[in-house]
Amino acid sequence: MILCDKGLFTLHTKNTTYQMKANEYGVLLHTYYGPRISSGDLSYRIQYTDRSFAPNPEEAGENRLFSLDVMPQEYSTCGMGDYRLPSLELELPNGSRSADLRYKSFRLEDGKYALEGLPAFRGPEGETLVVVLEDAAAQVDVELYYGVLEDYDIITRAVKVLNRGGGTVRLRQAASLCLDFQRGDLDLVTFDGKHVLERRPNRAPLIPGVRSVGSVRGTSSHQHNPFVLLCDHDAGEDHGLCYGAMLLYSGNFEAAVERAQFDDVRLVLGIHPHHFCWPLEPGESFTAPEAALCCSKQGFAVLSHRLHRAIRERLIQNPWKGLPQRVLINNWEATEFTFDAERLMQIAKSAAPMGIGLFVMDDGWFGARDTDAAGLGDWTVNRDKLPGGLEDLVPRIKALGMDFGIWIEPEMVNEDSKLYRAHPDWAFQIPGRTKVRGRQQLVLDFSRREVRDAVYGALKAMLSSADISYVKWDMNRSLATVWSAGLPPQRQGEVFHRYVLGVYDMLARMRRDFPGVLIEGCSGGGGRFDAGMLYYTPQIWCSDNTDAIDRLRIQYGTSFCYPVGTMGAHVSAVPNAQTGRSVPIETRGVVAMSGTFGYEMDLGQTTGEEREIIRRQTAFFKEHSRLIQEGDYYRLTDPFQNGPYTAWEQVSPDRREALVSVVFGTAHGAPPFSTLCLKGLDPALRYRVNGGEPYPGDVLMEAGWPLPMPWDDYQSLQFYLAAV
Ligand code: DGJ
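Worth saying up front: this structure is predicted, and the values here are computed from it rather than measured. (Residues numbered from 1 in each chain as written. Predicted model: local features only at pLDDT ≥ 70, side-chain atom pairs only at ≥ 80, totals over all residues. Heavy atoms only, no water.)

Let us look at the site of the ligand. As a matter of local geometry, the ligand sits amid 13 residues, with Asp362, Asp363, Lys472, Asp474 and Asp544 nearest to it. Asp474 places a polar side-chain atom, nitrogen or oxygen, 2.7 Å from a nitrogen atom of the ligand. For the ligand, whose unbound accessible area comes to 290 Å², protein coverage reaches 97%. Grouping the amino acids of the shell around the ligand by side-chain chemistry returns four nonpolar, three polar and six charged. (Near = heavy atom within 4 Å. Polar contact = N/O pair within 3.5 Å; in protein donor to acceptor, adjacent residues only side chain to side chain. Areas by Shrake-Rupley, 256 points an atom, 1.4 Å probe, with all protein chains shown as cover. Nonpolar A, V, L, I, M, F, W, Y, C, P; charged D, E, K, R; others polar.)

Turning our eyes to something else, we now look at the packing of helix α6 (residues 449-464) against helix α7 (residues 495-513). Where α6 contacts α7, the axes come no closer than 11 Å and their chain directions differ by 30°. In this view, α6 runs roughly parallel relative to α7, as classed from their interaxial angle. Here α6 runs over α7; the crossing is right-handed. Between α6 and α7, the contacting residues are Arg449, Arg452, Asp453, Val455, Tyr456, Leu459, Lys460 and Leu463 on the first element and Gly502, Asp505, Met506, Arg509, Met510 and Asp513 on the second. Its residues assigned to classes, the contact of α6 with α7 comprises six nonpolar, one polar and seven charged. (Axes fitted to C-alpha atoms, helices over the stretch in contact; angles between N-to-C directions. Helix = DSSP H or I, 4+ residues; strand = E, 2+ residues; numbered from the N terminus. Parallel < 35°, antiparallel > 145°, perpendicular 65-115°, else oblique. Left-handed = near helix turned anticlockwise from the far one by under 90°. Contact = heavy atoms within 4.5 Å.)

Two numbers describe how helix α10 (residues 585-592) lies on helix α11 (residues 608-630): the axes approach to 10 Å, and their chain directions differ by 20°. What the angle tells us is that α10 and α11 run roughly parallel. Regarding α10 and α11, the two cross each other, and that crossing is right-handed. On α11, the residues touching Ile585, Glu586 and Gly589 of α10 are Glu610, Ile613, Ile614 and Gln617. Of the residues in the contact of α10 with α11, the class split is three nonpolar, two polar and two charged.

Of all the positions in helix α4 (residues 389-399), only Gly389, Leu390, Leu393, Val394 and Ile397 are classed as buried. Considered in projection along α4, the buried side chains sweep an arc of 100° and stay on one side of the axis. Buried positions along α4 lie against α3 (341-351), β23 (358-361), β24 (403-408) and α6. Two residues or fewer after α4 comes Gly401, characterised by a positive phi angle close to 90°. (Buried < 20%, exposed > 50% of the residue type's maximum accessible area, 1.4 Å probe, protein only. Arc of directions from axis to C-beta.)

Another point: the sheet that holds strand β5 (residues 88-91). Spatially, four strands are ordered β6-β5-β11-β20 in an open sheet, and the strand pairing comes out antiparallel. Either end of the sheet is taken by a strand with one partner, and the two such strands are β6 (97-98) and β20 (278-280). (Pairing = 2+ DSSP bridges.)

A word on unusual backbone geometry. Looking along the chain, the bond that leaves Val574 and enters Pro575 is cis, with omega of -5°. As for its position among the elements, Pro575 is in the loop between β31 (570-572) and α10. At Phe53, a position not held by glycine, the phi torsion is positive, near 60°. In this structure, Phe53 sits in the loop between β4 (28-35) and β5. Using a relative accessible area of 83% as the deciding quantity, one classes Phe53 as exposed. Despite not being glycine, Phe597 has its phi angle at roughly 70°, a positive value. Classification of Phe597 as buried rests on a relative accessible area of 1%.

Turning to the side chain of Thr190, a few remarks are in order. The topology assignment puts Thr190 in strand β13 (residues 186-194). Owing to a relative accessible area of 2%, Thr190 belongs among the buried residues under this scheme. Polar side-chain contacts of Thr190 include one of 2.7 Å to the side chain of Asp192. A polar contact of 3.1 Å, which involves the side chain of Thr190, links it to the side chain of Arg211.

Moving on: the domain arrangement of the protein chain. Each assigned domain of the protein chain is listed here: domain 1 (2-314), domain 2 (328-630) and domain 3 (639-723). A separation of 40 Å is found between the C-alpha centroids of domain 1 and domain 3. (Domains from an automatic or database assignment.)

Right, let's get into the side chain of Thr558. On the secondary structure map, Thr558 appears in helix α9 (residues 548-558). Within polar-contact distance, the side chain of Thr558 engages the backbone oxygen of Ile554 at 2.6 Å. In contact with Thr558, not counting residues within four places along its chain, are Arg199, Phe529, Cys542 and Met567.

Moving on, we get to the packing of aromatic side chains. All told, the structure shown has 33 aromatic pairs when counted by the stated rule. Centre to centre, the rings of Trp278 and Phe286 are 4.9 Å apart; their planes meet at 55°, and the pair counts as tilted. Here Trp278 and Phe286 have matching classes, each one buried. When the ring of Phe597 is compared with that of Phe621, the centres are 4.9 Å apart and the planes differ by 55°; the resulting orientation is tilted. Here Phe597, found in the loop between α10 and β32 (598-600), pairs with Phe621, found in helix α11; they are 24 residues apart in sequence, far enough to count as distant. Here Phe597 and Phe621 have matching classes, each one buried. A network of ring pairs unites the aromatic residues Phe191, Phe227, Phe300, Tyr556, Phe560 and Phe640 as a single cluster. (Phe/Tyr/Trp six-rings, centres within 6.5 Å; stacked < 30°, edge-to-face > 60°.)

Here is the structure:
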């Protein structure tokens, strides 16, 4: 998997190869990343030419062909003649801001590395390559970590910067990943949006200059996702070379891509340099979060399959994996803050006979939480609403045959709370400046240990007080006025990152102390849907938008990187609270079951016919949940194209089963004929479609399956294929 030969490092996965080489001046050049090739030194691809205004480092002497500015770098520097995007910027005690790296050594470690306090793909198999670079003048070492997940076609990367000198070095930027291409004819796909419409794929050819997406909100954000794709101009679902890069991080990030002057391209991905400054005292080190790369020459579908499998099998840890799937009911959209124990019992009682196995009590159960203006920070039961407390409510829910889950928002505090009155300085605030509220709440300074300890203590007591097997961890505003009373002025540039480390610390404690509890991540829906969170929270509420038609787009965009089983998705009441649209219950079920599947409505308000449909939906989901959540996912259409229908398909790893889901748009007179060609089947097998006559796989893929003509808006259908 990892070959090291005199400064030449080649990493092989099953289907890809990655290579770098230290040249005669010790500069670590990136020589190749792409489909697997036999081997050999690929540095012959790098052309040394004398380019005007491309400076030459002193050690090159008279050699005007050697310039950092024109060669593909493995980890880019700055201030020393490479004018493209930097990965590393050091501020030295003399005030200079630059970085200059040369190859020093390497080592191989058994197994895939882990990062203390940070999420990372897990081994145990695999090997780690550590390439050590040195900035001799700065007395700084940079260790580049490479993990090879061979079977998954994933290369992971992390970076450790060590101060070996005697003075303070201030880290102004330390990206996790730099990837140079010696070609400019690439498209960039980013996943962008807003609250209630997250992760829309935006694709455009690279033009000269820099395109950058990112977040300075303290979270990865609704606006941009820390996952990007680069691909051939003509790459599509089933063909073309494409590269995916994700950052396993939940805070400020930047993904910047530059198409430079000679049609070379550089991707730099890591913590956003804005607001970031990390002083390293002598002997100290800083570890940048993990980034992961994947490559496919067969288009996006294969790329997604590889990413999904790696995320499912090597990143998330779901304590309920392998146990019978629980369908969930959540009270939020039915009640918001207005409920008491009896109202919750009513909702639970109407859900229990429908095959629903998990009741989740959402926001509003604690402190003085009657509106969003009060209560956050006080994680004790509101006895006006729940007079018997959790000790009474949870056994009553369990007696219905359901598990119990609870909502929390640990990172936040309302000024109208006991916690804030006791510790107003625990919320982020810049001295002398006015407050900036979001949803009437302030953000607790989780960079401070004592703040985390106090909040965790309260949560631990609450979680220990009853049989709770699910926690929804919410986060409902962006950070502002970020300043920590726990750090001196010259270290305020650490706060954003320390906040994220604090969130990870809290989640790690919860996982340690309550290993059987499934934690769902949430941030006003999908405002923190990233691979960093997935390491701790195996599922994330995909969006506050539960409208099934909008969800087609949101789940489509999310699926490029993240597996179906990580996407929180619920059926809610109509007309929908976000869009006012009414979609049939069948279609709402079809869309939500390509996710974690649950209901977020009062099922007591449904008709007898709807209840029958719901019973069938939960039974169908439970029967096929492995296929749905672990099957290879095919996007059969793009819902942003506004075609007559949206379709997708899950195929079991042995290709003996498949589930196809189709949702039509608005109905029109004289509808067109539609034939849907399936994907991923075994051409040699014969499949029964919904139990009918068997058809060969190649026929279903090449000739397709006719779709009925929709009658009325937003109709849907599913067909289940089983090999005979
Ligand atoms: C935002 C979440 O996304 C919703 O599902 C709900 O939990 C509310 N917060 C509660 O305040």
